[in-house]
There are 2 protein chains.
Amino acid sequence: METAELWKKYQEKMFVISSYDLVISTTYFDADTIAPIKGADYRNDRLAYLYGEVFSLQTDPELLELLEKLNSAEDLDDEKKRIVKWHLEDFNKMRYIPKELYVEYSQVQLEANDVWKKAKSENNYKLFEPYLFRLIELTKKTLEYRQTDLKGYNILLDDYEPGMNIEKYDRFFGLIKERLIPLIRRISKAEKIDTAFVYDYYPVEQQRKFMKEILDYMHYDFDAGVLAETEHPFSNAISKYDSRITTHYYENNLMSSVFSVVHEAGHATYNNQVRDDLAETFVFSNMSSGMHESQSRLMENYLARTSAFWDNLFPKVKELFPEQLKDVDQKKFVRAANASECSLIRTDADELTYPLHILIRYEIEKGIFDGSIDLNSLENIWNEKYEEYLGIRPSCSSEGILQDVHWAGGMFGYFPTYALGSGYAAQFMHAMRKDLDVDQLMRDNKFTVIKDWLREHIHQYGGLYLPEEQIRIATGEEFNPEYYVDYLTEKYTSLYFPE
Amino acid sequence: METAELWKKYQEKMFVISSYDLVISTTYFDADTIAPIKGADYRNDRLAYLYGEVFSLQTDPELLELLEKLNSAEDLDDEKKRIVKWHLEDFNKMRYIPKELYVEYSQVQLEANDVWKKAKSENNYKLFEPYLFRLIELTKKTLEYRQTDLKGYNILLDDYEPGMNIEKYDRFFGLIKERLIPLIRRISKAEKIDTAFVYDYYPVEQQRKFMKEILDYMHYDFDAGVLAETEHPFSNAISKYDSRITTHYYENNLMSSVFSVVHEAGHATYNNQVRDDLAETFVFSNMSSGMHESQSRLMENYLARTSAFWDNLFPKVKELFPEQLKDVDQKKFVRAANASECSLIRTDADELTYPLHILIRYEIEKGIFDGSIDLNSLENIWNEKYEEYLGIRPSCSSEGILQDVHWAGGMFGYFPTYALGSGYAAQFMHAMRKDLDVDQLMRDNKFTVIKDWLREHIHQYGGLYLPEEQIRIATGEEFNPEYYVDYLTEKYTSLYFPE
């Protein structure tokens, strides 16, 4: 068969898989946004079945044959070669896992997600614990079938972030501990930034209008996306042309939804700006978790927490909440958006203490998979680590071990990419600021120029490149976490200890 | 194979089909409620592919073999026999249609639906016309493959309402013309009912609260359903446990959403009350269109337009709209809800003129399929029939031939069931009123007793019985359209010409 014909056949198979992905992904979005509770069992049983169907398509021997033939074809262009290579690697991750195990795992994930919601709202860890144990057990069982030189937790770390492993993460978090913990301790004794106004009453209806303003300022394309409401904000790229985000409104917190929305819009923009001819290929959505997170963090922290970002938006938020903000000027607003304080909830954490929340999860996951942690004391270990690193102890499960959805989805190995992504973002920003006067552009209401830079240097490629390659392409350097700790150190030192 | 084992195998196949139905149905709901416009092509291509997959499952020879074996099994209980019989009939409707034709048809339907939306909003029939022609052509082509004694339009009529045909519909509509048109003419010269307040300004946010009140009063189960917002209200039973409805709010019309919501809740209640052990079988959703419509019309017209329905709700609507309704008492409110006037839009039509809207569509469809209508003059014929029967002529396509979604979905033969369903409902109400003091129950806030009656006599069976059987079960009589015309004649005579 000619290479062109092989490629065509391969695309046909991808089309079929993407058809399933589309409806499953949409159903999942629906389940998280509006689906009624009584429909959950009926839906979960059927979704688990379809996950099995997709698994069969993804591990179809004919697909493997096509991929192998394409992989050895000499006349395939470089980009297609990469697409085939990443797909083949992914195929090899799946192929040795028994389908029954995969379906069982999917079913438990779907159930665990529902039970976790209930457990969290009832503040009852014991309800969720057996599901967590089961997911850990099934994850370990699945790892046994993987044929790779890696072992245990390193397999999971590499799945979410190709090239990463315990050794590298230990080094990365070591730097964070060494450089940031002393600063955090110092700040905890410094004069507090006044954030009282943030916790005034902000009606949801007005907040909705505010989010619309923010997304319009960022040129989020509502014709190619949706802003919906969920218990836990997330983004979901159903396709390049339908890249959705969600948020959660709290009546007594102005900032929570703001930075959630900007964060998720960062994710959505990544998928939205993948090059058209890559949008229906394997690399549309295979970017590493760290890379994806770098793009959300970049918007959330490196752009939206600057004063320049608010030049155009602050008058609007004043207009929407005249009473609540009557004594607040832009400077006070932006300072409050950057205040640092040790807190219990990861998603509400400030930029500086955030990586400690991740460090805690990373250390626990490491312990789960090397067997050094007694699963029965998981909650206690969680609480102790919060006390050790952040100096505060959760008083209940929902603000402790139950706060995050990830483990309920069996996503072990994912958390560390959150901190890593923040690290990548620091380096990307450093490169971007060499090319662009970022602050001036935001002041001039030219956010699209910033998005264009991101498209040109990062987004357009989707997951065509490994993280290390992508970082080199966009910044001309290897990944260097010093950018990250330097950025945080400088920013927070000048914020809390101005000279 | 033992019958029990055959049944088990059959159920497994049904489970697979229902898995696809679930995700496709959810994706369809998502598309109509929130999905962004730019994702449509990507989605439609993939949905059309999946429709083809479902078609293959539905026409799977192994399924046929199972059905045939079960059909001839002597130890199958009566209800299961019926399930198999209806499924086999459905199988035979599908089996001779070529898959490519089916997929092509699905693709055109999906596209036509999007084009129709655009055409309607731009008021441009010419944009939609080629899609309409294509759907008519493909429908005719599909009919050629059907192996049945019926011919042409009669096949379609029988598909949506088993047992119905042109002859019977002609007789039904003949009665309507004979008995109702003279009354409509008389009313058009009578003193008008004051409905001005209906078209005051009613903020959407308040209307949403009002719908919640109405649905609570009707004991609509929000844990097993959703009220969403769409351009065109519809209901969608994703499962017995997830039976959804949608509405559309008009700021300058209080009644439109009210009766839409009650109507769709009538549909949802039907699926919601199907017996548990039938909920995952073929008869969960195969009730005839007329039967389904009878349940929505019964709630919308025969219950919600009575004064008793408003005894508990009127104080609430007054509270929500104190200014708008300051000069309106319950009597005036209910009279306005029943005012009859010849109008252009079917979905806003009153109970009395409604069947004329259906008659027009029925006559046009008949003409399309017997070839007596020149397709190029469809819009003109539409307008002329409105002038003939209702005495008014649409001034533009969006309030004329473009108003309904049905033809864009290729649903030819569906419309007549709307009028027929209203007829069934009259007979059901007559039977219900013999058993229950319906008005007193509504006044006493006991709407559940009414729902219980409907469950016991109709809903629990799903589509286990043919319409004619179901009517006999619930009313002890054959279908008799006299109940319908008598009801309308009495109601509207006493409303407009009180003695």
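This report concerns the structure included in the present document.

The rules behind these values
Residues numbered from 1 in each chain as written. Chains lettered and ligands numbered in written order. Predicted model: local features only at pLDDT ≥ 70, side-chain atom pairs only at ≥ 80, totals over all residues. Heavy atoms only, no water. Least-squares fit on C-alpha atoms with pLDDT ≥ 70 in both. Phe/Tyr/Trp six-rings, centres within 6.5 Å; stacked < 30°, edge-to-face > 60°. Helix = DSSP H or I, 4+ residues; strand = E, 2+ residues; numbered from the N terminus. Buried < 20%, exposed > 50% of the residue type's maximum accessible area, 1.4 Å probe, protein only. Lys NZ or Arg CZ within 6 Å of the ring centre and 35° of its normal. 1 Å grid on protein atoms, 1.4 Å probe; cavity = no way out; pocket = protein on both sides within 12 Å on 5 of 7 lines; lining within 4 Å. Points joined across faces, edges and corners; volume = space filled by probe spheres on them. Salt bridge = Lys/Arg side-chain N within 4 Å of Asp/Glu carboxyl O. Core = buried A, V, L, I, M, F, W, Y, C linked by side-chain atoms within 4.5 Å. Contact = heavy atoms within 4.5 Å. Pairing = 2+ DSSP bridges. Axes fitted to C-alpha atoms, helices over the stretch in contact; angles between N-to-C directions.

Placing chain B over chain A gives an RMSD of 0.0 Å and needs a rotation angle of 180°, together with 0.0 Å of translation along the axis. Such a combination of turn and shift is consistent with a two-fold rotation axis. Of the C-alpha atoms belonging to chain B, the one lying closest to the rotation axis is found on Val23(B), 2.7 Å away.

A complete count under the given rule lists 73 aromatic pairs over all chains for this structure. Consider the rings of Tyr169(A) and Tyr362(A), whose centres lie 5.6 Å apart with planes at 50°: the pair is tilted. With Tyr169(A) in helix 8 (residues 166–189) and Tyr362(A) in helix 14 (residues 354–370), the pair connects residues that are 193 residues apart, well separated along the chain. Summarising the burial analysis for this pair, Tyr169(A) and Tyr362(A) share the class buried. Aromatic side chains Phe172(A) and Phe173(A) sit 5.3 Å apart centroid to centroid with 65° between the ring planes, which places their arrangement in the edge-to-face category. For the residue pair Phe172(A) and Phe173(A), the accessibility class agrees, reading buried in each case. For the cation-ring pair, Lys80(B) lies above Trp7(B), with the distance from its terminal atom to the ring centre recorded as 5.2 Å. Directly above the ring of Phe497(B) sits Arg186(B), whose terminal nitrogen or CZ lies 3.8 Å from the centroid.

Moving on, we come to empty space enclosed by the protein. Residues and elements named next belong to chain B. Applying the stated criterion to the full structure yields six cavities of 30 Å³ or more. What the largest cavity holds in volume is close to 80 Å³. Tyr28, Ala31, Asp32, Arg43, Asn44, Leu110, Asn113, Asp114 and Lys117 are the residues that line the largest cavity. Counting residues per element, the ones that place at least two in the lining of the largest cavity are helix 1 (3–33), helix 2 (40–58) and helix 5 (99–122). The dominant element in the lining of the largest cavity, judged by the number of residues it contributes, is helix 5, at four residues.

When the charged atoms of two side chains with opposite charge come close together, those side chains can pair. What the rule picks out here adds up to 90 salt bridges over all chains. The closest approach of N and O atoms between Glu363(A) and Lys177(A), which form a salt bridge, is 3.4 Å. A residue pair is termed long-range when its members are at least 10 positions apart, and Glu363(A) in helix 14 and Lys177(A) in helix 8 qualify at 186 residues. Residue classification places Glu363(A) among the buried residues on the basis of a relative accessible area of 16%. In this structure, Arg244(A) engages Asp30(B) in a salt bridge whose closest nitrogen and oxygen atoms are separated by 2.6 Å. Taken together, the residues span two chains, with Arg244(A) in strand 3 (residues 242–247) and Asp30(B) in helix 1. Accessibility expressed as a relative area gives 4% for Asp30(B), which makes it buried.

Within the largest apolar cluster, 155 residues are counted, with the highest numbers of intra-cluster contacts made by Tyr10(A), Phe210(A), Ile214(A), Phe309(A), Trp310(A) and Phe333(A). Once residues within four sequence positions are removed from consideration, Phe210(A) is found in contact with Leu254(A), Val258(A), Trp310(A), Val317(A), Leu320(A) and Phe321(A).

Residue and element names in this part refer to chain A. Tracing the chain through its elements places Ile345 in the loop between helix 13 (330–337) and helix 14. The partly exposed category is assigned to Ile345, whose relative accessible area is 25%. In this structure the C-alpha to C-alpha distance between Ile345 and Ile193, which are 152 residues apart in sequence, comes to 19 Å. When near neighbours in sequence (up to four residues on either side) are disregarded, Ile345 contacts His357, Ser398, Glu399 and Gln403.

All names here are of chain A. What the three strands build is an open sheet, ordered 1-3-2; its pairing is mixed. Strand pairing shows two members of the sheet lacking a second neighbour, strand 1 (227–229) and strand 2 (235–239), which therefore form its edges. Between one strand axis and the next, the sheet turns through 30° on average, direction left out of account.

None of the figures reported here should be taken as evidence of function without further support.
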